[in-house]
Amino acid sequence: MTENLTIKQASDLLKNKELSSKELTELYLKNITEGKELNCYNYVLEESSLSEAVKSDERRASNSLKSDFDGVPIGIKDLFCTKGTLTTASSKILSDFIPTYESTVTQKCKDSGLISLGKLNCDEFAMGSTNKTSYFGPVKNPWKLKDSKADLVPGGSSGGSAAAVAGDLCIASLGTDTGGSIRQPASFTGTVGLKPSYGRVSRWGIVAFASSLDQAGPITKTVDDAAILLDIISGHDNKDSTSSIKEKENYSQNMNSNVKGMKVGVPKEFMSDDLPKSTLKAWDACKDLLKSNGAEIINISLPHTMSALPTYYIIAPAEASSNLARYDGVRYGLREQGENLIDMYEKTRSEGFGDEVKRRILIGTYVLSSGYYDAYYLKAQKVRSLIKDDFNKAFNDVDAILTPSTPSTAFEIANEPNDPVQNYFNDIFTVPVNLAGIPGISIPFSNDEKNLPIGLQLITNSFEEQKLLNIAKNIEETVQYKATPEKWWIT
Amino acid sequence: MINDWNLVIGIEIHAQVKSNSKLFSSSPTDFGSSPNSQVSLIDAAMPGMLPVINSYCVEQAVRSGIGINAKINEKSIFDRKNYFYQDLPQGYQISQYKDPIVGEGYIDIETENNQKRIGIERLHLEQDAGKSLHDQDPKYTFVDLNRSGIALMEIVSKPDMNSPKEAVNYVRKVRSILRYLDTCDGNMEQGSLRADVNVSVNKDGEALGTRCEIKNLNSFKHISSAIVYESKRQIKLIDSGKRVDQETRLYDINSGETRSMRSKEDAHDYRYFPDPDLLPLVLEKEWIENIKKNIPELPDEKKARFVKEYSLSNYDAEVVVSDKATSEYYEAVVKGRAPKLVTTWVTGELFSVLNKKNISIQDSPVSADMMGELLDNIESGKISNRLAKDIFEDMCETGKNPNLIIEEKGLSQISDEGEIEKLVDEVLNSNPENIEKYKNGKTKLLGFFVGEVMKLSKGKANPGTLNKLLKKKLDN
């Protein structure tokens, strides 16, 4: 009864007094302790989660609940600044950083009575797609290959957020997605991962990676839960100039899984002989499923898809190189003593940042340098507009676009390619969505022959999250994907 | 021009926007607060903090742009200027690079014999950095972030100035306009207005010389001396067969010299790019028009009006209007009074007291009302000009009302002919030899008799009546 609870189920249990928030929180703290080996959490809030749960129970007793979901424990990616709680971005340079302020998103969760179990591991500064760049070590995917004990990557950068949901170390979690960092790990772990439209969710208080691409979103066990969390975290924030003034919708209430008459596009550029057969098969099966549920499948073209990855790997590092300049050892975070200012900078940043972060700072600095700016950064911005145009044109003809979430399923930690560029290919299907600023969701569809989850990605036009969730819900209802990993970490 | 060398000068003015809060945060901007007491999470560049534009600062920049006759750009973009320094928390300064909020404009300045139009390239908004304190500790540099994030307007001139005097007059004029608009307090000692001056030299018909930029000049005197020194230095270099290197230089106020700070080769690559945390700044036409409608009278207009309405000379008008507070003081006094008398007293007596006390007209011990009252007494003949000066001195010291002083000290002028005649007779009776001399043609002695009577009357005798009576008696 209390395994793999969704937000909906948990809040029903609380409502029906079958379980108190304290009991629920204790249960998840126990799951976290048992799942230590997965390395999902950088920091567990053992005491404050329980005291918050007790307060929630008191609110319930006095009929003063903050929301229907008051008392539900969730996990938070360690990229959200949380007042009084360690916030590290999984980097050595922030390994002792305790903010005096709360990010808008996590504040909204608190205001709804959600309880934070702790801060979830991720790639350092959200840069990576395997969670291996974390200063606190890699997260292990709860899933295993059939007949193998090898540890698999959970994807990244929100690897801890996805693995914790898949391994039931929390009911749901918050992640961030700059080039696929929610959808790719969701796909690798059989969870639902939603990246909202750029500007739908406030970025205030989230450690910045690439400001024009970053967006926070939920990782959950169901589409309904994704809608619930999006309802809670979205909306305009006057502390974020890029946050949209568009009225937020009530996604949960307006959920309607009917897809009759909907047009779903399938972009030919996403088809490749390199895709695993099982992924192609899942993609085809999903098309058939939608068709039989009354949707129309239309072949479309997004001609600049192949330019998305190089474009992304210019724009994101450029912004990152500037965003990460503030970690200089002067005011907070790690400081290595030096002979003089420059020496202190060099020692602090050499010691504080990992290889992947350094690599991206160098790339970003290079593409913005005078003499190279036009050839790289400016050109990338132009290509970015072309990619946006591709989507705009496509959405003249279709309601949504269906693609695989990732070019492969999860792979062994030991087999991670040494060539960073090879690793960047993990994001090939997710990156165009960030460049266009539109919403995308990854939902689990089936498992491959190795028993690993395959995720499919749905994409809609800007601020059409409702449509996105509706179609995702239709697929979810039809496929009834119920697979969960075996809890091998419990001995 | 020095010998046959031309000076070419361009100036970048950094003017602090007059605003209660910073450009992208709500921290206060009060000068002289204790270190790091006006710093928000944004100013300190804490992780995850985002800038939000302060619309009042935008309004101030637009107002300033209108004041310098410039084009207001309906769309402008904030860029990041990236460099590392201890007092730059973000590791970049938010500034405007390719698309500033204000485009080309101009102002007119006074030259020796004429007016000259100085072109303005642009005005853009940017953040100030913090302050590094190097003298607080033998080993460490301390950082005060109170200034960090304060809004600055950078006003870039064209290289249209050709002498230190023109350069100073240009900065004076810009400062005066900004003060009229109330967009910058123009306080140079506090660093609210500073200038970077670009200097090069060339000869007629030759291409422009290589320029050097002298950074951070914060007084008119320094601007002038730095240009003089720098131009001479460049001429000397060229004359001795060397060349001028393009570089940034600092002016040493103690030695009066400029010295190299960094060469062009060491120049930073600032890696400008549009700040992704901020949307392009888009201004509505109507909004700009509305600001235009509410622009107050500016120095040039006011000067023309003063010349016309109060028959001031061009020079006097320039002096009076160059400072907004002075012009307001003047206008308050001149209403219904003789302009000439007012000009003499304001630019003469009052200015000399203010200079001596080194205070601004706002802090004048003699208010415009009090000054008016004093001048009324002169105009009505109640006191003489000479006596008025004594009273004025008293007013400056005690802050007392002139009428009160006149009453207390019994200083009212004696205009009664009979009373004055008594005094005249007394003087004449005790100076028979001088009367003789006068009658024998030494008429200059009239002044002596006037002086004696005045002394006797303690300066209160009406000079007109006194003169008339004396002449009548002596010439008989």
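Cut-offs and rules
Residues numbered from 1 in each chain as written. Chains lettered and ligands numbered in written order. Predicted model: local features only at pLDDT ≥ 70, side-chain atom pairs only at ≥ 80, totals over all residues. Heavy atoms only, no water. Pairing = 2+ DSSP bridges. Helix = DSSP H or I, 4+ residues; strand = E, 2+ residues; numbered from the N terminus. Axes fitted to C-alpha atoms, helices over the stretch in contact; angles between N-to-C directions. Contact = heavy atoms within 4.5 Å. Buried area = accessible area lost by both parts, 1.4 Å probe. Salt bridge = Lys/Arg side-chain N within 4 Å of Asp/Glu carboxyl O. Domains from an automatic or database assignment. Expected span 1.5 Å × (residues − 1). Buried < 20%, exposed > 50% of the residue type's maximum accessible area, 1.4 Å probe, protein only. Parallel < 35°, antiparallel > 145°, perpendicular 65-115°, else oblique. Left-handed = near helix turned anticlockwise from the far one by under 90°. Polar contact = N/O pair within 3.5 Å; in protein donor to acceptor, adjacent residues only side chain to side chain. Core = buried A, V, L, I, M, F, W, Y, C linked by side-chain atoms within 4.5 Å. Phe/Tyr/Trp six-rings, centres within 6.5 Å; stacked < 30°, edge-to-face > 60°. Lys NZ or Arg CZ within 6 Å of the ring centre and 35° of its normal.

### Looking at the sheet that holds strand β5 (residues 192-195) of chain A
What holds strands together in a sheet is hydrogen bonding between their backbones, with the strands either parallel or antiparallel.
Residues and elements named next belong to chain A.
And then number 1: Taken together, the 11 strands give an open sheet; going across it, the order is β1-β3-β2-β4-β6-β5-β10-β11-β9-β7-β8, and neighbouring strands pair in mixed fashion. The sheet is open, and its two edges are formed by β1 (41-44) and β8 (296-300), each paired on a single side. On average, adjacent strands in this sheet sit at an angle of 30° to one another, irrespective of strand direction.
And then number 2: The sheet contact formed by strand β4 (residues 173-177) and strand β6 (residues 215-220) spans five bridges and is antiparallel. Paired with L174 across the two strands is P218, which belongs to β6.

### Thoughts on the interface of chain A and chain B
And then number 1: Opposite the 40 residues of chain A that make contact, chain B presents 31 residues.
And then number 2: In total, chain A and chain B occlude about 2,900 Å² of area from one another, counting both sides; carbon and sulfur atoms represent 57% of this.
And then number 3: For the interface between chain A and chain B, the tally reads one salt bridge.
And then number 4: The salt bridge involving A:R203 is made with B:D277; its shortest N-O contact spans 3.1 Å.

### Focus on the domain arrangement of chain B
And then number 1: As assigned here, chain B comprises domain 1 (5-290), domain 2 (297-409) and domain 3 (417-475).
And then number 2: Taking the mean C-alpha position of each, domain 1 of chain B and domain 3 of chain B sit 65 Å from one another.

### Considerations on helix α15 (residues 465-479) of chain A
Residues and elements named next belong to chain A.
And then number 1: Its 15 residues give α15 an end-to-end C-alpha distance of 21 Å, which sits within 8% of 21 Å, the value for a rise of 1.5 Å per residue.
And then number 2: Looking only at α15, the buried set comprises E465, Q466, L468, L469, N470, I471, A472, K473, N474 and I475.
And then number 3: In this structure, the buried residues of α15 make contact with β5, α7 (223-233), α8 (277-292), β9 (400-404), β10 (440-447) and β11 (453-459).

### Considering the sheet that holds strand β1 (residues 5-16) of chain B
Residue and element names in this part refer to chain B.
And then number 1: Spatially, eight strands are ordered β5-β6-β9-β1-β10-β11-β12-β13 in an open sheet, and the strand pairing comes out mixed. The open sheet has two edge strands with one neighbour each: β5 (105-110) and β13 (257-263). Direction aside, neighbouring strands of the sheet carry axes that sit 30° apart on average.
And then number 2: Sheet analysis places strand β6 (residues 115-127) next to strand β9 (residues 151-157), joined by seven bridges and oriented antiparallel. Paired with R122 across the strands is V156, a residue of β9.
And then number 3: Here helix α1 (residues 55-67) sits on the sheet and contacts β6 and β9; the angle it forms with β6, its principal contact strand, is near 170°.

### So, the packing of helix α2 (residues 21-34) of chain A against helix α3 (residues 46-61) of chain A
In a pair of packed helices, the angle between the axes and the distance between the axes together describe the arrangement.
All names here are of chain A.
And then number 1: Packing of α2 against α3 leaves a shortest axis separation of 7 Å and a crossing angle of 155°. Classified by the interaxial angle, the pair formed by α2 and α3 is roughly antiparallel. Classified by chirality, the crossing of α3 by α2 is right-handed. Taken together, the residues of α3 that come into contact with α2 (itself represented by S21, K22, T25, E26 and L29) are E46, S49, L50, A53, V54, S56 and D57.

### Points about α1(B)
All names here are of chain B.
And then number 1: With 13 residues, α1 should cover 18 Å at 1.5 Å per step; its first-to-last C-alpha distance of 18 Å lies within 8% of that length.
And then number 2: Within α1, 10 of the 13 residues are buried, leaving the element largely enclosed by the surrounding structure.
And then number 3: Looking at α1, one finds that the buried residues are C57, V58, Q60, A61, V62, R63, S64, G65, I66 and G67.
And then number 4: Those residues of α1 that are buried are in contact with β6, β9, α2 (164-181), β15 (281-282) and α4 (285-293).
And then number 5: Its side-chain oxygen at 2.9 Å from the backbone nitrogen of Y56, N54 defines the N-terminal cap of α1.
And then number 6: Among the residues trailing α1, N69 stands out with phi positive, at a value near 55°.

### Focus on the environment of B:N82
And then number 1: Counting through the fold element by element, B:N82 comes out in strand β3 (residues 79-82).
And then number 2: For B:N82, a relative accessible area of 2% gives the class buried.
And then number 3: In this structure, the C-alpha to C-alpha distance between B:N82 and B:L469, residues 387 residues apart in sequence, is 83 Å.
And then number 4: If sequence neighbours within four positions are ignored, B:N82 has contacts with A:S322, B:G91, B:Y92, B:D269, B:Y270, B:R271 and B:F273.
And then number 5: One polar contact links the side chain of B:N82 to the main-chain carbonyl oxygen of B:R271, over a distance of 2.8 Å.

### Side note on the pattern of salt bridges
And then number 1: In total, this model carries 60 salt bridges over all chains according to the counting rule given.
And then number 2: Across the pair A:E464 and A:K467 runs a salt bridge whose closest N-O atoms are separated by 3.3 Å.
And then number 3: Note on A:K467: relative accessible area 21%, which makes it partly exposed.
And then number 4: Salt bridges sharing common partners tie together A:R203, A:D240, B:R80, B:D275 and B:D277.

### Considering the nonpolar core
And then number 1: A:F125, A:L290 and A:L469 are the most contacted members of the largest nonpolar core, which totals 137 residues.
And then number 2: No other element matches helix α9 (residues 305-323) of chain A, which puts nine residues into this core.
And then number 3: Look past the residues within four positions of A:F125 in its chain and what remains in contact with it is A:L79, A:A89, A:S91, A:I93, A:L94, A:V207, A:F209, A:L324, A:Y327, A:F353 and A:V357.
And then number 4: In this structure, B:V17, B:I94, B:L374 and B:M395 belong to the second largest nonpolar core, which totals 100 residues.

### A few points about the packing of aromatic side chains
And then number 1: For the coordinates displayed, the defined rule picks out 26 aromatic pairs over all chains.
And then number 2: Geometrically, the ring pair formed by A:Y345 and B:F84 is tilted, given 5.3 Å between the ring centres and 55° between the ring planes. Of this pair, A:Y345 sits in helix α10 (residues 341-352) while B:F84 sits in the loop between β3 and β4 (92-95), which puts the two residues in different chains.
And then number 3: Among the residues examined, A:Y345 registers a relative accessible area of 6% and is labelled buried.
And then number 4: Geometrically, the ring pair formed by B:W345 and B:F392 is edge-to-face, given 5.6 Å between the ring centres and 80° between the ring planes. On the criterion of sequence distance, the pair formed by B:W345 in helix α8 (residues 339-357) and B:F392 in helix α10 (residues 385-398) is long-range, its members being 47 residues apart.
And then number 5: The exposure class of B:W345 is buried, given its relative accessible area of 2%.
And then number 6: Taking the relative accessible area as the measure of exposure, B:F392 reaches 2% and is therefore buried.
And then number 7: In this structure an aromatic cluster arises from ring pairing among A:F97, A:F125, A:Y327, A:Y332 and A:F353.
And then number 8: Here A:K239 stacks its cationic end above the ring of A:W204, 3.6 Å away from the centre of that ring.

### Digging into unusual backbone geometry
All names here are of chain A.
And then number 1: That bond from G156 to S157 is cis: its omega, 5°, falls within 30 degrees of zero.
And then number 2: Among the structural elements, S157 can be located in the loop between β3 (115-120) and α5 (159-166).
And then number 3: Even without being glycine, K17 reaches a positive phi, approximately 60°.
And then number 4: Relative to the helices and strands, K17 is located in the loop between α1 (7-15) and α2.

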